[in-house]
Amino acid sequence: MDPEFDTDSESDLQSDSESDVMDSESNMQSDCDGPADPDTNILWLYGPAGAGKSAIMQTLASQLRDAGRLGGAFFFKCGHATRGNAKTLFATIAYQLALAVPWLRTSISRIVENDPSIVVRSIAIQIQTLISDPCRSHANENCDPIIILIDGLDECEGHEVQEEILYAIHHSSKHPIPLRFIVASRPEAHIREVFESPVYSGNYCSFNVEQSFDDVCKYLRDEFSRIHREHRTMTNISLPWPPPDVLEQLVENSSGHFIYASTIIKFIDDKNYRPTERLAVVQDPNNSASESAFDTLDQLYMTILSSAPRQSQLIPILRNSVNTEEPPFCARCDVPSEDKDNDEIFSHHASFVDFLNNPDRSGSLCVGILNNRISLARYLLQFVAGPLQRTNIYTLSNLIHFIVSLPPSGGVAELFPLIGSVNTDYIFDPFPYTFYREKYDDLASVISWLKKNPSAPADVIQLWEDYAFMLSINMPWFAESTASVKHNVSPSPELLRTLVSMGLLRYQLWELPTKLDLTWTDLMCSLRPQFNADARVLPVHQPQTALPWVTRDLALQLIRKMVKNHVDTNGGVNLSACREAVMLSNAEVFLHGIESAYSISQYWLGRDISYLVRLSPPCPVLYRELQSIPPSGIWLSEPSGYTLIHHVSKWLESFPNSTMELITFWQQAMPEHGCYHTSTPNADYEESHWRDCVGYYNDTIVKLHLPDSFKFIL
Ligand SMILES: Nc1ncnc2c1ncn2[C@@H]1O[C@H](COP(=O)(O)OP(=O)(O)OP(=O)(O)O)[C@@H](O)[C@H]1O
């Protein structure tokens with residue numbers, strides 16, 4: 001049995017950099033995560049790739065050996081014939097223990113002599129028989145514990161084996177033994193899980209090998225001055241070299257990790273080149289020669305990325321997380337997170353982003369190449385074709401910016417059907433857009449991008465033009481700027497209903513489905529009646545004749561809704577049965593509970609009904625429906641009662657044989673102790689407010705460049 005100890009790399013550490021490693025190590029003694037239990041036998045040293053864990057372990061090995069405290073050390077190395085797996089782990093450590101600790105020598109040798117097959121037995125049996133049992137007989141002796149180092153546990157073949165090693169170490173320490181284990185690894189999920197399991201909890205210490213900008217700076221300064229001293233071509237280069245700002249930039253590029261610093265030093269230190277030229281290459285990551293400058297680093301990245309279990313999802317996730325501009329979806333690609341409050345992906349190392357963006361360095365993994373960008377766009381578009389999930393999106397706007405940044409080419413054609421399938425809830429969702437204007441510009445940019453692609457289907461372009469038109473109804477005051485998208489929509493009763501809802505009643509676009517009980521598909525079809533076999537396209541001059549009937553139908557719809565709310569809530573008792581009130585009370589923080597939300601929503605319905613009735617033709621059906629509103633519902637929110645009385649009276653006056661019975665009936669139902677009894681209902685206010693709303697509607701028609709036949713004539 002040969003000791004599996006990496007003496008070569010160990011001797012590398014007897015260099016200038018050793019003091020830095022010692023710094024980290026002495027920090028380690030004072031900075032262990034969490035309370036250090038004096039009875040704990042296990043220390044877990046963890047940190048990302050290239051953080052310097054192995055360097056620390058090698059220095060520790062050297063110092064402990066000098067102090068006569070090293071029991072054994074095993075350095076795992078991925079893919080290595082003997083150091084890549086755990087078959088000989090504890091047999092090797094036992095051999096090292098027998099050599100290093102005189103009082104263990106005889107007992108360990110005797111065990112192996114009696115049963116040579118022990119060295120091929122299971123991990124648990126090896127540690128128990130070869131290490132734990134011999135040590136236990138000396139447990140009560142008053143000697144300093146012996147240290148065993150296991151480095152790169154994550155590089156040992158098989159997650160289960162890695163976990164088995166940890167459980168075996170823990171089990172071996174159940175009875176007091178004069179041994180301590182230091183295990184170093186990357187903080188991979190399965191390893192962390194073992195340490196966080198109930199078996200381990202409280203039975204280990206941990207130390208995070210975090211980034212250290214100061215250590216890296218010191219290392220770089222020392223190494224550059226050595227290179228300056230040793231390279232013959234440097235005699236004429238004045239000190240300090242490199243200048244402080246360059247050194248500072250390099251320290252920043254390192255993200256405080258040694259892997260970057262040691263990689264560039266090896267590159268610059270090449271005796272075949274001028275260090276100044278090599279430094280210039282390092283400073284420009286887009287320089288094609290930088291490929292070789294970061295060779296070691298890139299190999300590390302390649303190895304890590306190619307071992308990712310789900311390669312097909314890798315590129316979209318990487319592309320999303322390292323997008324140098326705004327990430328389309330805030331790097332949230334359904335990535336399971338250990339830390340629920342922080343599930344964003346971020347690059348541990350600044351150089352990783354350079355690597356992924358440079359095709360010479362990352363090859364097919366390069367996130368910048370068009371195919372990978374298209375596959376990310378496909379992935380995200382598929383996501384927004386599904387149900388609206390506000391918690392998972394950053395903004396649709398970022399996705400749109402990303403899509404329109406793709407150059408027009410045959411490759412993007414696969415995205416067109418997906419662009420046509422974006423869930424309309426995402427398109428019209430008011431959150432997190434603050435300004436409709438921005439949203440409109442986003443829609444316009446998609447339309448102009450589609451038009452630059454000759455193979456973009458006309459129906460997808462038209463659909464997005466319709467979205468833009470819908471949005472422009474919502475913001476007629478931006479009419480000039482919204483003219484960028486053409487909207488030769490067909491006039492239909494359904495379109496008139498939409499215009500009246502948004503122009504006269506001032507409904508927001510996103511509210512329409514709830515307020516009018518329709519789907520986005522119904523709404524979009526209203527713009528293109530030819531898609532809907534039942535819809536009638538109005539001759540251009542006819543909207544005006546159709547308009548009063550549209551307002552009547554809308555009034556009927558809202559009256560039925562008001563009555564239904566009354567019935568569903570059992571006359572205002574069971575308020576949670578009213579969907580609108582529940583939504584309103586959830587959305588509006590200034591409303592105090594569901595009572596005021598219900599009262600407000602019924603008030604708005606009453607007000608909307610009264611404005612619509614006023615603009616309807618004399619119609620017995622409408623009169624009958626008005627009678628069906630329970631008077632207590634009208635006076636539930638008092639202003640609504642006054643508003644209805646005012647406008648319905650005016651409407652009734654237009655009847656050939658006008659009758660005010662309904663009005664009298666409503667007046668008689670007025671509650672005696674309402675707050676409005678103290679003030680006189682203000683007819684002037686009602687009249688001027690209604691006229692303002694009609695005026696706003698008519699202005700909307702003008703601003704949208706629709707024919708005058710769409711307007712109300714008072
Ligand atoms: N204190 C230091 N001084 C000088 N060089 C260092 C120091 N720490 C680490 N390095 C160098 O940085 C590189 C990465 O270090 P190391 O291999 O120890 O990282 P690691 O955390 O073990 O990484 P991995 O998880 O990938 O094994 C090596 O080339 C090492 O020589």
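Criteria and cut-off values
- Residues numbered from 1 in each chain as written.
- Predicted model: local features only at pLDDT ≥ 70, side-chain atom pairs only at ≥ 80, totals over all residues.
- Helix = DSSP H or I, 4+ residues; strand = E, 2+ residues; numbered from the N terminus.
- Buried ≥ 20, exposed ≤ 12 C-beta atoms within 10 Å, placed from the backbone.
- Contact = placed C-beta atoms within 7 Å.
- Core = buried A, V, L, I, M, F, W, Y, C linked by C-beta atoms within 7 Å.
- Domains from an automatic or database assignment.
- Pairing = 2+ DSSP bridges.
- Axes fitted to C-alpha atoms, helices over the stretch in contact; angles between N-to-C directions.
- Arc of directions from axis to C-beta.
- Parallel < 35°, antiparallel > 145°, perpendicular 65-115°, else oblique.
- Nonpolar A, V, L, I, M, F, W, Y, C, P; charged D, E, K, R; others polar.

Per an unreviewed UniProt entry, the protein goes by the name Putative nwd2 protein and belongs to Mycena sanguinolenta.

Let's shift gears to the overall build of the protein. When you go through the protein residue by residue, the secondary structure sums to 35 helices and five strands. The 714 residues of the protein split such that 37% are buried. Across the protein, the fraction of contacts at a sequence separation of at least 24, relative to all contacts at a separation of at least 6, is 74%.

Now for the nonpolar core. Among the nonpolar cores identified, the biggest contains 80 residues, and Leu45, Ala94, Leu149 and Val183 are the most heavily contacted of them. Residues lining this core come from more than one domain, with at least three contributed by each of domain 1 (7-208) and domain 2 (213-293). Once residues within four sequence positions are removed from consideration, Val183 is found in contact with Ile42, Trp44, Leu45, Ile150 and Leu153. Listed in part, the 68 residues of the second largest apolar core include Leu381, Tyr467, Leu499 and Phe710.

With that settled, the discussion passes to the sheet that holds strand E3 (residues 146-151). If you trace the five strands from one edge of the open sheet to the other, you get E2-E3-E4-E1-E5, paired in parallel fashion. Each end of this open sheet is capped by a strand with a single partner; those strands are strand E2 (70-75) and strand E5 (205-208). Here the strands of the sheet are splayed against their neighbours by 15° on average, with no regard to which way each runs. Note: E2 against E3, five bridges, orientation parallel. Bridged to Gly72 within E3 is Ile148.

This part takes up helix H12 (residues 275-283). Among the residues of H12, those classed as buried are Pro275, Arg278, Val281 and Val282. Projected onto a plane normal to the axis of H12, the buried residues spread over an arc of 115° and lie on a single side.

Here the focus is the environment of Tyr273. With respect to the helices and strands, Tyr273 occurs in the loop between helix H11 (258-268) and H12. You can call Tyr273 partly exposed: it has 14 C-beta atoms within 10 Å. Taking the C-alpha atoms as reference points, Tyr273 and Thr233, 40 residues apart in sequence, are found 8.9 Å from one another.

This part is about the packing of H11 against helix H14 (residues 295-306). Close contact between H11 and H14 brings their axes to 8 Å; oriented N to C, the two are set at 140°. Taken together, the axis directions place H11 and H14 in an arrangement best described as oblique. The segment H11 lies against H14, with Ile259, Tyr260, Thr263 and Lys266 engaging Thr296, Leu297 and Leu300. Per-class residue counts for the contact of H11 with H14 are four nonpolar, two polar and one charged.

For the peptide bond that leads from Leu239 to Pro240, omega is -5°, which places it in the cis range. Mapped onto the fold, Pro240 is located in the loop between helix H9 (213-230) and helix H10 (244-254). Note that the residue after Trp241, namely Pro242, is joined by a cis bond; omega there is -10°. Examined against the element boundaries, Pro242 turns out to sit in the loop between H9 and H10. Although it is not a glycine, Arg506 adopts a positive phi angle of roughly 60°. Along the chain, the position of Arg506 falls in the loop between helix H25 (493-504) and helix H26 (512-516).

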